[in-house]
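Report on the structure
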Amino acid sequence: MDGIPPALDENELVRRLVSIGWRGSRAVRLGPGDDAAFLRGGLVISTDMAVEGVHFRFDWISPEEAGFRAGAAAVSDLAAMGAVPEALLVSLAVHGDPSVAVELQRGVRAAGDRVGVAIIGGDVSRSPGPAVVDVVAVGRARTVVTRGGGEVGQGVWVSGSLGGAAAAVTAWSAGTEPDPRARKRFAAPPDRVPLGLALSTAGLACAMIDISDGLVADARRVAGASGVRIRVDTGAVPVDPGAGDLNLALEGGEDYELMFTAPPGAGSRIRALGQEMAVVLTRIGRVEEGKGVVLEDDRGRHSAPGRGGYDHFAGGTP
Ligand SMILES: [Mg+2]
């Protein structure tokens, strides 16, 4: 992080980096700013980096689990576009023991196996510091679901349950062992590719994102991209049984569930789809006029959430 002014938060840094790298191109249908880019011809591409000491620690999970987690997180961005994975590329940097690279690669491969794709290339280097796993996920779609499709009157939905991964990190950071369910949520993010594809194909997801930085932070991204406000009924948010804490479900990240907005009146179709796919789908709020995210509790009390989500440049531990 040398040379990054401390006042520059992660969002602002990303804005600066995008402004340096991006210019419109006829090959590109959707550029930076969503879960993945979308090229003419149907390719969907995303990259996701995991850094030891920032995203994971080897005294928390094994190298193979860290690789699996990185691979699953990369694939999750394809799921959030409604795309089908086609291949992965993996770049690894490890300190000292090269067998760590082998274990990391095995883990990424297992994440690829789960969605039926191979690792088609990559790179490996020695690192003088932490281990790094960077996974490029390549997929395909006829059309994609962006973060920008939210419109007033739509419902807001989430898959699975939230807060488990953050509960595991909280326990490890406090020097204790996490609840096994929370540990599993951190080490083995779910495969939401079939769900993302089904929602996209059925026209049930108007805007969609995977929850990597926390429900509130990622809902704010959808609200911003769509030019709307998202109202979250906090009593409806499905808290992971391994977390048991609403705040972790709202603010904790890395659950890699899908949040999407759906047309009014689509509730019964969405619930039926969830049953068919054995994924719990919960309506947690609605899209309305305005901007940002508003939290509303069971008694109708409102609160403006804090910034929410993990900022890699704000200091502290993950
Ligand atoms: Mg994402």
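Notes on the structure in this doc start here. (Residues numbered from 1 in each chain as written. Predicted model: local features only at pLDDT ≥ 70, side-chain atom pairs only at ≥ 80, totals over all residues. Heavy atoms only, no water.)

Brief notes about the side chain of Ser159
- Relative to the helices and strands, Ser159 is located in strand β7 (residues 155–159).
- Of the polar contacts made by the side chain of Ser159, one reaches the side chain of Glu257; its length is 2.5 Å.
- Here Leu258 takes part through its backbone nitrogen, which lies 2.9 Å from a polar atom of the side chain of Ser159.
- In contact with Ser159, not counting residues within four places along its chain, are Arg192, Leu195, Glu257, Leu258, Val279, Val280 and Leu281. (Helix = DSSP H or I, 4+ residues; strand = E, 2+ residues; numbered from the N terminus. Polar contact = N/O pair within 3.5 Å; in protein donor to acceptor, adjacent residues only side chain to side chain. Contact = heavy atoms within 4.5 Å.)

Focus: the coordination of the magnesium ion
- Taken together, Asp35 (OD), Asp77 (OD) and Asp210 (OD) make up the full set of protein donors to the magnesium ion, lying 2.0 to 2.1 Å away.
- One chain supplies every donor for the magnesium ion, spaced along it as D-x41-D-x132-D. Here Asp35 is found in the loop between β1 (28–30) and β2 (37–39), whereas its partner Asp210 is found in strand β8 (residues 207–210), with 175 residues between them in sequence.
- The exposure class of Asp35 is buried, given its relative accessible area of 5%. (Donors = N, O, S within 2.8 Å, 3.2 Å for Na, K, Ca; no water. Buried < 20%, exposed > 50% of the residue type's maximum accessible area, 1.4 Å probe, protein only.)

Observations concerning empty space enclosed by the protein
- The full count for this structure, using the stated rule, is one cavity of 30 Å³ or more.
- In this structure, the largest cavity is lined by Ala72, Val75, Ser76, Ala79, Ala111, Arg114, Val115, Pro190, Asp191, Arg192, Val193 and Tyr256.
- Among the elements of the structure, α2 (63–79) and α3 (99–114) are those that each provide at least two residues to the lining of the largest cavity.
- Taken together, the residues of the lining of the largest cavity break down into eight nonpolar, one polar and three charged.
- Among the domains, domain 1 (10–140) and domain 2 (155–303) are the pair contributing at least three residues each to the lining of the largest cavity. (1 Å grid on protein atoms, 1.4 Å probe; cavity = no way out; pocket = protein on both sides within 12 Å on 5 of 7 lines; lining within 4 Å. Points joined across faces, edges and corners; volume = space filled by probe spheres on them. Nonpolar A, V, L, I, M, F, W, Y, C, P; charged D, E, K, R; others polar. Domains from an automatic or database assignment.)

Let's talk about the packing of helix α4 (residues 164–173) against helix α5 (residues 180–187)
- Running from N to C, α4 and α5 point in directions that differ by 110°, and their axes come no closer than 7 Å. Considering their axes alone, α4 and α5 lie roughly perpendicular with respect to each other. For the pair formed by α4 and α5, the contact residues are Gly164, Ala165, Ala167, Ala168, Val169 and Trp172 on the first element and Ala182, Arg183, Arg185 and Phe186 on the second.
- Residue composition of the contact of α4 with α5, grouped by class: seven nonpolar, one polar and two charged. (Axes fitted to C-alpha atoms, helices over the stretch in contact; angles between N-to-C directions. Parallel < 35°, antiparallel > 145°, perpendicular 65-115°, else oblique.)

Focus on α3
- With 16 residues, α3 should cover 22 Å at 1.5 Å per step; its first-to-last C-alpha distance of 23 Å lies within 8% of that length.
- Three or more residues of α3 are buried, namely Val100, Ala101, Leu104, Gly107, Val108, Ala111 and Gly112. Down the axis of α3, the buried set is contained in an arc of 145°. They therefore lie on one face.
- As for α3, its buried residues are in contact with α2, β4 (84–94), β5 (118–126) and β6 (132–140).
- Once α3 finishes, Gly116 follows within two positions and takes phi at roughly 80°, a positive value. (Expected span 1.5 Å × (residues − 1). Arc of directions from axis to C-beta.)

Considerations on the sheet that holds β1
- Taken together, the six strands give an open sheet; going across it, the order is β1-β2-β3-β6-β4-β5, and neighbouring strands pair in mixed fashion. Bordering the open sheet on either side are β1 and β5, each of which pairs with just one other strand. Here the strands of the sheet are splayed against their neighbours by 20° on average, with no regard to which way each runs.
- Summarising the sheet, β4 and β5 pair through eight bridges and their orientation is parallel. The residue of β5 that forms the bridge with Ala93 is Ser125.
- Seen against the sheet, α2 touches β3 (43–51), β4 and β6 and runs at an angle of roughly 30° to β6. (Pairing = 2+ DSSP bridges.)

Side note on the packing of aromatic side chains
- Inspection of the entire model under this criterion finds five aromatic pairs.
- Note on Trp60 and Trp172: the rings are 5.1 Å apart at their centroids and 5° apart in plane angle, and the pair reads as stacked. With Trp60 in the loop between β3 and α2 and Trp172 in helix α4, the pair connects residues that are 112 residues apart, well separated along the chain.
- Chaining the aromatic ring pairs together yields one cluster made of Trp60, Trp172 and Phe186.
- Its end group placed over the ring of Phe186, Arg69 keeps NZ or CZ at 4.0 Å from the ring centre. (Phe/Tyr/Trp six-rings, centres within 6.5 Å; stacked < 30°, edge-to-face > 60°. Lys NZ or Arg CZ within 6 Å of the ring centre and 35° of its normal.)

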